Protein chains: 2
Amino acid sequence: MILDGKWRQSAEVTPDGSLLILDQRDLPHRISWVTLTTPEQAATAITEMWTRGAPLIGIVAAFGLVFAVRNNPSDDNFNTSYQYLVQTRPTAINLAWALNRMRDVLLPCPVSDRYAVALETAKQLIIEDIETNKAIGRYGLELIKKHFQQHNHKPVNILTHCNAGWLATADWGTALAPIYMAHDAGIPVHVWVDETRPRNQGALLTAFELTNHGVHMTLITDNAGGHLMQHGLVDMCIVGADRVTKRGDVCNKIGTYLKALAAFDNQVPFYAAVPLSTFDHSLEDGVKEIPIEERAASEITHLSGMTSQGELAEIRLTLEGLRVANYGFDVTPARLVTGIITERGMRALPTS
Amino acid sequence: MILDGKWRQSAEVTPDGSLLILDQRDLPHRISWVTLTTPEQAATAITEMWTRGAPLIGIVAAFGLVFAVRNNPSDDNFNTSYQYLVQTRPTAINLAWALNRMRDVLLPCPVSDRYAVALETAKQLIIEDIETNKAIGRYGLELIKKHFQQHNHKPVNILTHCNAGWLATADWGTALAPIYMAHDAGIPVHVWVDETRPRNQGALLTAFELTNHGVHMTLITDNAGGHLMQHGLVDMCIVGADRVTKRGDVCNKIGTYLKALAAFDNQVPFYAAVPLSTFDHSLEDGVKEIPIEERAASEITHLSGMTSQGELAEIRLTLEGLRVANYGFDVTPARLVTGIITERGMRALPTS
């Protein structure tokens, strides 16, 4: 998508087979790029969230394997690296999906070919991710267009949570792809952007993306969505997901469930937009079965931003030594989900 | 309640008839007190949230009238000051309730007696507020005790939103009074404290209060409550309120509605704890009829806290110039509320 007037991807392969990623740590205040060349760097980029978003961490992990086989293409090294990378984040299924795809292609390969095949396969993941997101965007666009036509061509108000935009994928995004396509097709859309505590991916990343692309948006607190829906100010919700169970339970950023409850209570359609690789057909009951990552207390107690002197600084919001619990995700039961938009169209839910 | 080892009230009358309030702007990092002596100071203390909480702003506004009649006890000055003070915050009904009580006592009084009567009436408001909150606390304690006895004497997990503690009243609090009484009675309670964006009253004030009193607590993001309730980690929710309609719709800090939806979806009892003065019998449908205050964008985009050098500093979290909407309150329909704890016991709701 467009960044500083140029079309860029969140992850780009360099001519020497390294991976150039947009470092998201200081966004929106500073735009910087990092080149990854080792499995350890790929793992750190994921665990420390230089990069994030379920589809994108799958791609970065796959490149971690590319770098591993470049160093040493043996089965032993491959398997060790696979184990190391698959544990970087527990909730998103795309991470394991991308690594499994690499494994299924590479292990049958002669050792001497592995690096070349790994690089081609990982590059292919990027290409497919972009095509997938564009397809999701086109199916989502139809929903937005239909709403627009059925409601006297009034601007369509869409609420999203966290960031499932081009910063969470190689390009276009999942939940935001339909919004970009609607905007580009001339349909007036307005996005309610949840700030998304504790890491503020909405306030920092989604706001940055949409603003760069010229999409009309308003930042709100995570607390505000219910009030907006009660007052008819939201026409639909579209979110991404880190894992979707067989029956359609949606695991996504913490707080998604609360928005789905409010949408259901106010008859606002609630969609998740995901690649099919997000489905985990081995699970039924997402609340009981999906592991929920717990993250550091400092994500809640400390915040970074710009001082009035234009410097990046960190502050501690709270008293020191407070007990904090920081769950990264929650699960929205399928009964609250209107539909799941995939690259093959709307996935029907058994319960809806 | 206990602050620095001493029993203090959030608002204390000085011997010369001024009002000493705990300045909540720099809490929990700095504890400082401000003496109010003019109606303008009382209004500023309310609008700029040096002090806050529905019951407490009623008291501070009443003292604004005391200061007004001390300067000039005429009807004209009284009425002008009343109008000026009643508009300081639109959502909480206690503000108008306290001012009306002052008006009903003072206007029939001879002008020469007005200052003395005003001071006595306002002092009486403080005494009554404390007695009211203690009564709310005793009724709420019964609910907690019953749960404790019926669940094998396991610790009782209570979720609260915003701050309805002693910092929001003259003393004890409304939602937190039952918790303090349970704690003091030796019942093991644990409080899930919502951070309460955008002003973080939970992270800053509720955490500060509970910690000072030795109550076991855990800070969470506003997004986390639904996940906790899905996993059986919340036994009941208790919140305060700024206005309750005749049928029991509860207007409280933005985000309360989302927690009530999650509580309802998971069969967790959801209580509001309020003085009877919080009821507005002139209203039925809270969503349609209660005015919701909109506040400055900077409450969302900017945050203050301690730097690593131990200085208070402000940072800007987001890009400059973002469009922001900052609704201060929302309305929880009575159908989601298990009961309303008042100083005269549980108020039955027609729909529950």
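Just so it is clear, the model here is predicted, and its values are computed rather than measured.

**Considering the packing of aromatic side chains**
All names here are of chain A.
Turning to step 1, where the next piece is worked out: Tallied over the full model, the rule gives four aromatic pairs over all chains.
Turning to step 2, where the next piece is worked out: Judged by centre distance (6.2 Å) and plane angle (50°), the ring pair of Phe63 and Phe67 falls under tilted. One end of the pair is Phe63 and the other is Phe67, both in helix 2 (residues 54–71) and four residues apart, which spans about a single turn. Accessibility classification places Phe63 together with Phe67 in one group, the buried group.
Turning to step 3, where the next piece is worked out: Note that Arg8 overlies the ring of Trp33, its terminal NZ or CZ placed 3.9 Å from the centroid.

**As for helix 3 (residues 75–86) of chain B**
Residues and elements named next belong to chain B.
Turning to step 1, where the next piece is worked out: Taking 1.5 Å of rise per residue, the twelve residues of helix 3 would be expected to cover 16 Å, and the 16 Å separating its terminal C-alpha atoms lies within 8% of that figure.
Turning to step 2, where the next piece is worked out: By the burial criterion, the buried members of helix 3 are Phe78, Ser81, Tyr82 and Leu85. Angular distribution of buried residues about the axis of helix 3 spans 105°; they occupy a single face of the element. Summarising the geometry of helix 3, the exposed residues directed more than 90 degrees from the buried face are Asp76 and Thr80.

**Considerations on the confidence of the model for chain A**
Turning to step 1, where the next piece is worked out: Put simply, chain A has an average pLDDT of 96, and 99% of its residues get 70 or more.
Turning to step 2, where the next piece is worked out: Across the whole predicted complex the pTM is 0.95, and at the interface the ipTM reaches 0.95.

**Thoughts on unusual backbone geometry**
Turning to step 1, where the next piece is worked out: Looking along the chain, the bond that leaves Arg197(A) and enters Pro198(A) is cis, with omega of 5°.
Turning to step 2, where the next piece is worked out: Topologically, Pro198(A) is positioned in the loop between strand 7 (189–194) and helix 7 (201–213).
Turning to step 3, where the next piece is worked out: In this model, Leu27(B) is joined to Pro28(B) through a cis peptide bond whose omega is 0°.
Turning to step 4, where the next piece is worked out: Summarising the element assignment, Pro28(B) is placed in the loop between strand 4 (19–23) and strand 5 (32–36).
Turning to step 5, where the next piece is worked out: Phi at Met49(A) takes a positive value of approximately 60°, unusual for a residue other than glycine.
Turning to step 6, where the next piece is worked out: Secondary-structure assignment places Met49(A) in the loop between helix 1 (39–47) and helix 2.
Turning to step 7, where the next piece is worked out: A positive phi angle is found at Gln267(A), which is not glycine, with a value near 55°.
Turning to step 8, where the next piece is worked out: Here Gln267(A) shows up in the loop between helix 9 (256–265) and strand 12 (270–273).

**Details of the relation of the copies chain B and chain A**
Turning to step 1, where the next piece is worked out: Between chain B and chain A, the superposition needs a rotation of 180° and an axial shift of 0.0 Å, giving an RMSD of 0.0 Å. Such values leave the two copies arranged in the relation of a two-fold axis. The C-alpha atom lying nearest the rotation axis in chain B is that of Leu258(B); the distance is 2.9 Å.
Turning to step 2, where the next piece is worked out: Most of the interface of chain B is mirrored in chain A, where 100% of its interface residues are also at the interface.

**Re the pairing of strand 8 (residues 216–220) of chain A**
Residues and elements named next belong to chain A.
Turning to step 1, where the next piece is worked out: Burial analysis of strand 8 places four of its five residues in the buried class, which makes it a mostly covered element.
Turning to step 2, where the next piece is worked out: Summarising the sheet, strand 7 and strand 8 pair through five bridges and their orientation is parallel. Its bridge partner being in strand 8, His190 is matched across the sheet by His216.
Turning to step 3, where the next piece is worked out: In this region the chain leaves strand 7, passes through helix 7 and returns to the parallel neighbour strand 8; the handedness of that crossover is right-handed.

**What about the interface of chain B and chain A?**
Interface size, as often reported, equals the accessible area lost upon joining of the parts.
Turning to step 1, where the next piece is worked out: Facing the 64 residues of chain B at the interface are 64 residues of chain A.
Turning to step 2, where the next piece is worked out: Between chain B and chain A lies a buried interface of about 5200 Å² when both sides are counted; carbon and sulfur atoms form 62% of it.
Turning to step 3, where the next piece is worked out: Joining chain B to chain A, the criterion identifies four salt bridges.
Turning to step 4, where the next piece is worked out: Residue Glu195(A) pairs with Arg197(B) through a salt bridge whose shortest N-O separation is 2.7 Å.
Turning to step 5, where the next piece is worked out: Where chain B meets chain A, there are 26 residue pairs in polar contact (both at pLDDT 80 or more).

**Considerations on the packing of helix 3 of chain B against helix 4 (residues 93–106) of chain B**
All names here are of chain B.
Turning to step 1, where the next piece is worked out: Viewed as axis vectors pointing N to C, helix 3 and helix 4 meet at an angle of 170°, and their least axial separation amounts to 10 Å. On the basis of the axis angle, helix 3 is roughly antiparallel to helix 4. Only Leu95, Ala96, Leu99, Asn100, Met102, Arg103 and Leu106 of helix 4 make contact with helix 3, whose side of the interface consists of Phe78, Tyr82, Leu85 and Val86.
Turning to step 2, where the next piece is worked out: The residue inventory of the contact of helix 3 with helix 4, partitioned by class, reads nine nonpolar, one polar and one charged.

**Structural notes on helix 6 (residues 177–184) of chain A**
An α-helical segment advances 3.6 residues per turn. Residues three or four places apart therefore align on the same side.
Residue and element names in this part refer to chain A.
Turning to step 1, where the next piece is worked out: Counting buried positions along helix 6 gives six out of eight residues, so the element sits mostly inside the fold.
Turning to step 2, where the next piece is worked out: Within helix 6, burial applies to Ala177, Pro178, Ile179, Tyr180, Met181 and Ala182.
Turning to step 3, where the next piece is worked out: Residues of helix 6 that are buried sit in contact with helix 5 (114–150), strand 6 (156–160), strand 7, helix 7 and strand 9 (236–239).
Turning to step 4, where the next piece is worked out: Once helix 6 finishes, Gly186 follows within two positions and takes phi at roughly 85°, a positive value.

**Looking at the environment of Asp113(A)**
Turning to step 1, where the next piece is worked out: Assignment of secondary structure puts Asp113(A) in the loop between helix 4 (93–106) and helix 5.
Turning to step 2, where the next piece is worked out: Within the structure, the side chain of Asp113(A) is placed 3.4 Å from the side chain of Ser112(A), a separation counted as a polar contact.

**Section: the side chain of Arg316(A)**
Turning to step 1, where the next piece is worked out: For Arg316(A), the position within the fold is in strand 15 (residues 312–316).
Turning to step 2, where the next piece is worked out: Its relative accessible area of 16% is what places Arg316(A) among the buried residues.
Turning to step 3, where the next piece is worked out: A polar atom in the side chain of Arg316(A) sits 2.7 Å from the backbone oxygen of Thr318(A).
Turning to step 4, where the next piece is worked out: Among residues more than four places away in sequence, those in contact with Arg316(A) are Thr301(A), His302(A), His29(B), Gly305(B) and Met306(B).

**Notes on the sheet that holds strand 3 (residues 11–13) of chain B**
Residues and elements named next belong to chain B.
Turning to step 1, where the next piece is worked out: With antiparallel pairing, the three strands of this open sheet are ordered in space as 3-4-5. If you trace the sheet from one side to the other, it starts and ends with strand 3 and strand 5, each paired once. Across the sheet, the mean angle separating the axes of adjacent strands is 25° when strand polarity is ignored.
Turning to step 2, where the next piece is worked out: Of the pairings in the sheet, the one linking strand 3 to strand 4 comprises three bridges and is antiparallel in character. Bridge assignment links Val13 to a residue of strand 4, and that residue is Leu19.
Turning to step 3, where the next piece is worked out: Lying on the sheet, helix 2 (residues 54–71) is in contact with strand 3, strand 4 and strand 5; it crosses strand 4 at an angle near 145°.

Reading the values: rules and limits
Residues numbered from 1 in each chain as written. Chains lettered and ligands numbered in written order. Predicted model: local features only at pLDDT ≥ 70, side-chain atom pairs only at ≥ 80, totals over all residues. Heavy atoms only, no water. Phe/Tyr/Trp six-rings, centres within 6.5 Å; stacked < 30°, edge-to-face > 60°. Helix = DSSP H or I, 4+ residues; strand = E, 2+ residues; numbered from the N terminus. Buried < 20%, exposed > 50% of the residue type's maximum accessible area, 1.4 Å probe, protein only. Lys NZ or Arg CZ within 6 Å of the ring centre and 35° of its normal. Expected span 1.5 Å × (residues − 1). Arc of directions from axis to C-beta. pLDDT = per-residue confidence, 0-100. Least-squares fit on C-alpha atoms with pLDDT ≥ 70 in both. Contact = heavy atoms within 4.5 Å. Pairing = 2+ DSSP bridges. Right-handed = clockwise from strand over helix to strand, strands pointing away. Buried area = accessible area lost by both parts, 1.4 Å probe. Salt bridge = Lys/Arg side-chain N within 4 Å of Asp/Glu carboxyl O. Polar contact = N/O pair within 3.5 Å; in protein donor to acceptor, adjacent residues only side chain to side chain. Axes fitted to C-alpha atoms, helices over the stretch in contact; angles between N-to-C directions. Parallel < 35°, antiparallel > 145°, perpendicular 65-115°, else oblique. Nonpolar A, V, L, I, M, F, W, Y, C, P; charged D, E, K, R; others polar.

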